[in-house]
Amino acid sequence: MTRHSWLRTPEILMVCLGVAAFAVDRLRGDPVSAGDTVISVPPRAQVLASPQTVVGDEIVAGENRDPVERWVRAEVLYREALRLGLDQNDLIVRRRLVQKMEYALDNMAALDAPQRVELEQFFARNAEHYREPAAESFTQVTFSLRDGSEAALERAAFALDRLQGKGRDAGSDYGDPSADGMRIASATDARLAQLYGAEFTNELKHAEVSVWDGPLRSRTGVHLVFRERSEPSRIPELDEVYKRVARDWVEHSRAVAREEHYAELAARYHIVRADEESDPAGSRAELATAAALAAGGEGLSGRAP
Amino acid sequence: MTRPLRFSGPRPQWLLVMAVMSIAACGSSVPSQAPPGASPQPTPGQVAECGDYAPTRNAYFGDLHVHTANSFDAYLFGNHMNNPEVAYDFAQGRQIQLNDNTAGQRFVQLRRPLDFAAVTDHSEYLGEVRICTDAEQGGLGYYDPLCAEFRVNRPQDNLAFLVWGVPLTQDDPSRLPMCTYADCATAARSVWEETSRITDSRNQPCRFTAFNAYEYSPSTAGSRLHRNIVFRSSAVPEVPVSYFEAPEPIELFNQLNAACDAEEGCEYLSIPHNSNLSHGRLLWADPERFSDPQYVADLREIAQVNPVLEMMQIKGNSECKLGLGTTDEECEFEQLRDKPLCCDPANGITENCTEKLPSLPFVDEVSCHEVCPNDRPDYDTRSPDNSTGCVATHDFVRGAFLKGMQAQQQLGFNPLRFSLIASTDNHNAASGDVDEQGNPGAPYGWEGGHGGQDDDPEERLDVLTNIGRITNPGGLAGVWADQNTRESLYASLRRGEVFATSGTRMRVRLFAGDYPADLCALPDAQMKALAYQRGVPMGADARLTADGGAPAFALQVMADEQPLQRLQIVKLSVDTAGDAHEKVYDLATFAPVADVDDDCTIHYKAATETRMSACMLWHDPDFDSTQTASYYLRAFEDASCRWTGHMCAALRRTGDVDCAATPDHACCPTSSSPVKAVVQERAWSSPIWYTPESGS
């Protein structure tokens, strides 16, 4: 995501906040002092290029007014509004300022690209998150149920007899056409269940390895299987999932940094809660969550790789 | 007949906008002429890298059409949170959360994960949505009044849909005013970059394929002319080409060809969809312009890059329409325009000739669908609503194929040749959420696909909207590929060895060639080797046998969870005089259709065990080697509860609906307009084509 780089600069941000604070301060109903009555009108070209002018400011009365005059009028009214304290308790102003600060918090967390060692540590902490499921590989001969399961079982038994002691390729001389084909490899339990159902999946796990075994039943037929190997569930090497880990690290780090910054800001205030006594647990739970995040807890939840 | 845009009333904003999306002008999608007899060789430059590599190919199921919160309409529907990450999470079997409904939180999860998926957010407004929802990136644009309204829009509101949708209905669309001072292009680039980065990181060769993709979404004059653009690899253009840059499809493809650097590995294909809502415009090759070399060259170019059609999705099925050139009653399956055709003696339609009664409470709600004048596109009418506007025969696959084959006789190529897939077009980022009975966490069956518009059961029962009971969860794309990688699946899409299902994971294959009579009695490996060696798979061109005889058709079907009920071949042909013919052949009926109770219990009328798979050899009894023809397989499951059936059963079970107290509720058998509660899920193969020249 391309971010506007100037917004990332803390100095500029602080200047903006300063200006805002100053403005707010001024508004507390103080009479206008002499210095505040000066309105410096920018050059015409600049006014014309400003967003307010481009999109038109219908709030300012007088559609045919000259753009510069409209700008001046808007500025006068804006300053008067501030002087009268009209921004106080204004929901929209409050929400906008809160939003600006939320995004400011996000961008204070200017993240550098992760170092490998950081990703290694992050990966080690969240290894289970990247676990790959167990998988099975086998070759099969399928017998259609078109003449009923008795007939299919009989033909399967006949073929199994002849396949004893033979390799997996010998299977191609037996069975019926099957849309799925003979070889199923690296299939997870989920995929096996999708193809043949849970019963087949369980039975397959008990089939002998490297010999023809069966028969196994599925929704669609009777199967003889030559189970080749079983890949146990494993945690991959970092390099196999590097991109995913890097992405998760960025997300996680950003969230942690945001909460850290918030905690710093919140510490400047003494927060007195009217509901302190009626709902102390809720408030404390919130603080605890923020603190945990700020302390760099695991925080990686919900989404498995 | 001019229908004004509706600006008020409780009418579904969805109609307005989605209808608002359709494609402009000439819009003919012409799939390329597939290479004859694609034999099961590895794709050039590709290695057998996966454990399940099979030269005779495996069936993989996925969804190539899903929207996330980055799509303006999905956001307006109330999907504010579910981004591309969430779409892939869901596709891979993880539980995700949808927007809350009146009953509280909603969670959904696939019972069976997908093998592949593509996030296809609308390229139109990709940047604007980011500007409106991200204060930091949006800068001043974030405070634009349109953005302020966009953020607080409720799914039931019409206004925002109109404001954002209407530009997409204009011939010469212009961006929203905010883009004069906010950098919409840069924002779009960054969203696209982010989506690609996520997609690339979620692509796991051999396990799960994630395609870079987006949706090009013109709705010129309310005709839906949308296409999904799918990229082969991680090499993609810097920014997706949208309707704003390319108001005509040929401009889209010219610009994509320029932006997509083949030397860097950028390659794409385009998948048109919802021809059923295009008023004759999407799948159109105008015979009156065949003498114009530029027009024909454009048709050829469009054909080259549009090999596949999304024939079914949430907004209906585009196979065929009863009365529109066919008497096939199965054509009424999941029609979004489900009303009968209006009286039109010129087209042989003599029913509904009494005065058209408007249906209440909307006076302009149609009670029948007009056939487009002369069966040509309607360029004069604005039809901003899914339920309005005319229908043409070529809005449906059968009519398009016939017109394409007729054009082929003049042009030497078929400008309307497609292989077939289905997908969802789900706007909740719930990729492949097609289970009628719902899934873990969805107590009332399928949870809808349009955020806050259909999150409550009663909204999903609505008859007045196209988002209610008339929609379906959408379908799945089936792909026969030698392994689950981008390269392999993409090659299958290009080749056309793909199929469409209404949501079931039934596997269907169709071959045509010179086959021995005992093909289906052979062991699996031998059968498949022969099928490829002596013939071609679906998507390809059949040839006459060595002695000039008709090709034989071999079909293979494996049921999903329901047993098979019936198999058919649909033949479409054009004779030497240029006349079009359609015939549906019943190949096998395994059982009468089962009865389904109100509580969704199924009473089968024949044993189920013996009809879980089928292999058959079929000869066309009417084969004529001088006729151009296409053949596709249609395979039916036995009956089961439609999503509406599951939902009503749940509502009655929980007492939410009490038929004694409210006998006219749509879930009650006593209702004057009860829901359609039962469905026969089905799968369609891609066609195999025959042209007289190819046999000589």
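Residues numbered from 1 in each chain as written. Chains lettered and ligands numbered in written order. Predicted model: local features only at pLDDT ≥ 70, side-chain atom pairs only at ≥ 80, totals over all residues.

Undergrad: It is not clear to me how the overall build of chain B should be interpreted in this structure. Could you clarify?
TA: Within chain B, the regular secondary structure consists of 16 helices and 26 strands. A total of 696 residues make up chain B; the buried ones form 60% of that total. Relative to all contacts within chain B whose residues are 6 or more apart in sequence, the contacts with residues 24 or more apart total 75%. (Helix = DSSP H or I, 4+ residues; strand = E, 2+ residues; numbered from the N terminus. Buried ≥ 20, exposed ≤ 12 C-beta atoms within 10 Å, placed from the backbone. Contact = placed C-beta atoms within 7 Å.)

Undergrad: I keep staring at the overall build of chain A and nothing clicks. Help me out?
TA: Regarding its fold elements, chain A presents twelve helices and four strands. When burial is assessed residue by residue, chain A has 22% of its 305 residues classed as buried. The contacts of chain A with a sequence gap of at least 6 include a subset with a gap of at least 24, amounting to 71%.

Undergrad: Help me out: how do you make sense of the confidence of the model for chain A in this one?
TA: Low pLDDT marks stretches whose predicted atomic positions should not be read closely. Of all residues in chain A, 71% have pLDDT values of 70 or greater, and the mean over the chain is 77. Confidence scores differ between elements of chain A, with helix H1 (residues 5–8) of chain A showing the lowest mean pLDDT of 46 and helix H8 (residues 149–163) of chain A the highest of 95. (pLDDT = per-residue confidence, 0-100.)

Undergrad: Would you mind showing me how to read the nonpolar core here?
TA: Note on soluble globular proteins: their nonpolar side chains tend to be buried together. Counting 177 residues, the largest nonpolar core has B:Val230, B:Ala500 and B:Val557 as the members making the most contacts within it. Leave out the neighbours within four places in its chain, and B:Val557 touches A:Ala179, B:Met506, B:Val508, B:Leu564, B:Leu567, B:Ser613, B:Ala614 and B:Ala635. Judged by nonpolar contacts, the second largest core, of 28 residues, contains B:Tyr142, B:Cys147, B:Phe150 and B:Ala160. (Core = buried A, V, L, I, M, F, W, Y, C linked by C-beta atoms within 7 Å.)

Undergrad: Is there a simple way to explain the sheet that holds strand E15 (residues 535–537) of chain B in this structure?
TA: Strands in a sheet are paired, the pairing made by backbone hydrogen bonds, and the direction either parallel or antiparallel. All names here are of chain B. What the four strands build is an open sheet, ordered E15-E14-E16-E21; its pairing is antiparallel. Among the strands making up the open sheet, the edge pair consists of E15 and strand E21 (613–618). Taken over all neighbouring pairs, the strand axes of this sheet differ in orientation by 15° on average, direction set aside. Note that strand E14 (residues 507–513) and E15 share three bridges and pair antiparallel. (Pairing = 2+ DSSP bridges. Axes fitted to C-alpha atoms, helices over the stretch in contact; angles between N-to-C directions.)

Undergrad: Which parts of the structure should I look at to understand the interface of chain B and chain A?
TA: It is common to report an interface's size as the accessible area lost on association of the parts. Every contact between the two is made by 44 residues of chain B and, on the other side, 47 residues of chain A. Of all the elements in the fold, those that place two or more residues in the side of chain B that touches chain A are strand E1 (58–63), helix H5 (135–138), helix H8 (184–202), E14, helix H14 (524–533), strand E16 (552–558) and E21 of chain B.

Undergrad: Please explain the sheet that holds strand E8 (residues 268–272) of chain B as it appears in this structure.
TA: All names here are of chain B. With respect to topology, three strands assemble into an open sheet ordered E6-E7-E8, the strand pairing being antiparallel. Since the sheet does not close on itself, it has two edges, and those belong to strand E6 (213–216) and E8, each with one partner. Within this sheet the neighbouring strands show an average axis-to-axis angle of 25°, counted without direction. Bridge count for E6 against strand E7 (residues 227–231) is four bridges, and the pairing is antiparallel. Its bridge partner lying in E7, Glu215 is registered against Asn228.

Undergrad: Any chance you could explain unusual backbone geometry here in plain terms?
TA: Note: most peptide bonds trans; most residues except glycine with negative phi. Residue and element names in this part refer to chain A. Cis peptide bonds are those with omega within 30 degrees of zero, and the linkage from Gly214 to Pro215 qualifies with -5°. Mapped onto the secondary structure, Pro215 falls in strand E3 (residues 212–217). Of note, Ser210 is a non-glycine position whose phi angle comes to about 65°, a positive value. Along the polypeptide, Ser210 turns up in the loop between helix H10 (198–205) and E3. The exposed category is assigned to Ser210, around which 11 C-beta atoms lie within 10 Å.

Undergrad: Explanation requested: the pairing of strand E4 (residues 221–231) of chain A in the structure shown.
TA: Along any regular strand the residues' side chains alternate between the sheet's two faces. All names here are of chain A. One ladder, built from ten bridges, connects strand E1 (residues 135–144) with E4; its direction is antiparallel. If you follow Phe143 over to E4, its bridge partner there is Val222. When E3 meets E4, the two strands line up antiparallel, connected through four bridges. From the neighbouring strand, Arg217 faces E4, where its bridge partner is Val222. The antiparallel pairing of E3 with E4 creates a hairpin that spans three residues between the two strands.

Undergrad: Whenever I open this one, H8(B) confuses me. Can you help?
TA: Along an α-helix, residues three or four positions apart point the same way, because every turn accommodates 3.6 residues. If you check H8(B), its first and last C-alpha atoms are 27 Å apart, about what 19 residues at 1.5 Å a residue would give, namely 27 Å. Those residues of H8(B) that are buried lie in contact with helix H11 (242–267) of chain A together with helix H3 (84–91), helix H4 (126–133), H5 and strand E5 (209–211) of chain B. (Expected span 1.5 Å × (residues − 1).)

Undergrad: It is not clear to me how the environment of B:Gln97 should be interpreted in this structure. Could you clarify?
TA: Residues and elements named next belong to chain B. Here Gln97 is to be found in strand E2 (residues 96–101). Measuring from C-alpha to C-alpha, the distance between Gln97 and Gln109 comes to 8.9 Å, with twelve residues separating the pair along the chain. For Gln97, the contacting residues outside a window of four places in its chain are Gln105, Arg106 and Phe107.

Undergrad: What is the right way to read helix H11 (residues 397–411) of chain B from this model?
TA: Residues and elements named next belong to chain B. The end-to-end C-alpha separation of H11 is 20 Å, in line with the 21 Å expected for 15 residues at 1.5 Å each. The element H11 is largely enclosed, with a buried count of eleven among its 15 residues. Among all positions of H11, only Val397, Arg398, Gly399, Ala400, Phe401, Leu402, Lys403, Gly404, Met405, Ala407 and Gln408 are buried. As for H11, its buried residues are in contact with strand E9 (308–313), strand E11 (419–422), strand E17 (564–574), strand E18 (580–589) and strand E22 (628–637). Immediately beyond the C-terminal end of H11, within one or two residues, lies Gly412, with a positive phi of roughly 85°.

Undergrad: Even after reading the chapter, I still don't get the packing of helix H9 (residues 189–196) of chain A against H10(A), so can you show me in this structure?
TA: Helix-helix packing is characterised by the crossing angle of the two axes and by the distance between the axes. Residue and element names in this part refer to chain A. Following both chains from N to C, one finds H9 and H10 inclined at 125°, their axes separated by 7 Å at the closest point. As summarised for this structure, H9 and H10 are arranged oblique, according to the angle between their axes. Of the two elements, H9 crosses H10, and the hand of that crossing is right-handed. Across the interface between the two elements, Asp189, Leu192, Ala193 and Tyr196 of H9 pack against Ala198, Phe200, Thr201 and Leu204 of H10. Residues of the contact of H9 with H10, tallied by class, amount to six nonpolar, one polar and one charged. (Parallel < 35°, antiparallel > 145°, perpendicular 65-115°, else oblique. Left-handed = near helix turned anticlockwise from the far one by under 90°. Nonpolar A, V, L, I, M, F, W, Y, C, P; charged D, E, K, R; others polar.)

Undergrad: In this structure, what is going on with the packing of helix H9 (residues 249–259) of chain B against helix H10 (residues 293–304) of chain B? I would like to understand it.
TA: Residue and element names in this part refer to chain B. Contact geometry of H9 with H10 gives a least axis separation of 10 Å together with a crossing angle of 60°. Taken together, the axis directions place H9 and H10 in an arrangement best described as oblique. As H9 packs across H10, the resulting crossing turns out to be left-handed. Residue-level inspection shows Pro249, Ile250 and Phe253 of H9 in contact with H10, the latter providing Asp298, Glu301 and Ile302. Residues belonging to the contact of H9 with H10 are distributed by class as follows: four nonpolar, no polar and two charged.

Undergrad: For this particular structure, what's the right way to read the confidence of the model for chain B?
TA: Residue and element names in this part refer to chain B. On average, residues of chain B score 89 in pLDDT, and 89% of them are at 70 or above. Ignoring residues within four places in sequence, the model shows residues 1–38, a span with pLDDT below 50, making 150 contacts including any to other chains. The ipTM assigned to the predicted complex is 0.72, against a pTM of 0.80.

Undergrad: Where do I start with the environment of B:Gly93 in this structure?
TA: Mapping B:Gly93 onto the fold places it in the loop between H3 and E2. Note on B:Gly93: 16 C-beta atoms within 10 Å, which makes it partly exposed. The spatial distance from the C-alpha of B:Gly93 to the C-alpha of B:Gln109 is 6.2 Å, given a sequence separation of 16 residues. With residues up to four places along the chain from it excluded, the contact list for B:Gly93 reads A:Ala190, B:Leu110 and B:Pro113.

Undergrad: What is the right way to look at the pairing of E1(A) in this model?
TA: Residues and elements named next belong to chain A. The element E1 is largely enclosed, with a buried count of nine among its ten residues. Where E1 and strand E2 (residues 183–188) come together, four bridges link them in antiparallel fashion. In the strand pairing of E2, Phe138 is matched with Ile184.

Undergrad: Mind showing me how you'd approach the environment of B:Ala160 here?
TA: All names here are of chain B. Mapped onto the elements of the fold, Ala160 is located in helix H7 (residues 159–165). By C-beta crowding, Ala160 is classed as buried, having 22 other C-beta atoms within 10 Å. It is 7.6 Å that separates the C-alpha atoms of Ala160 and Leu76, two residues lying 84 residues apart in sequence. The residues contacting Ala160, other than those within four sequence positions of it, are Leu76, Glu149, Phe150 and Asn153.

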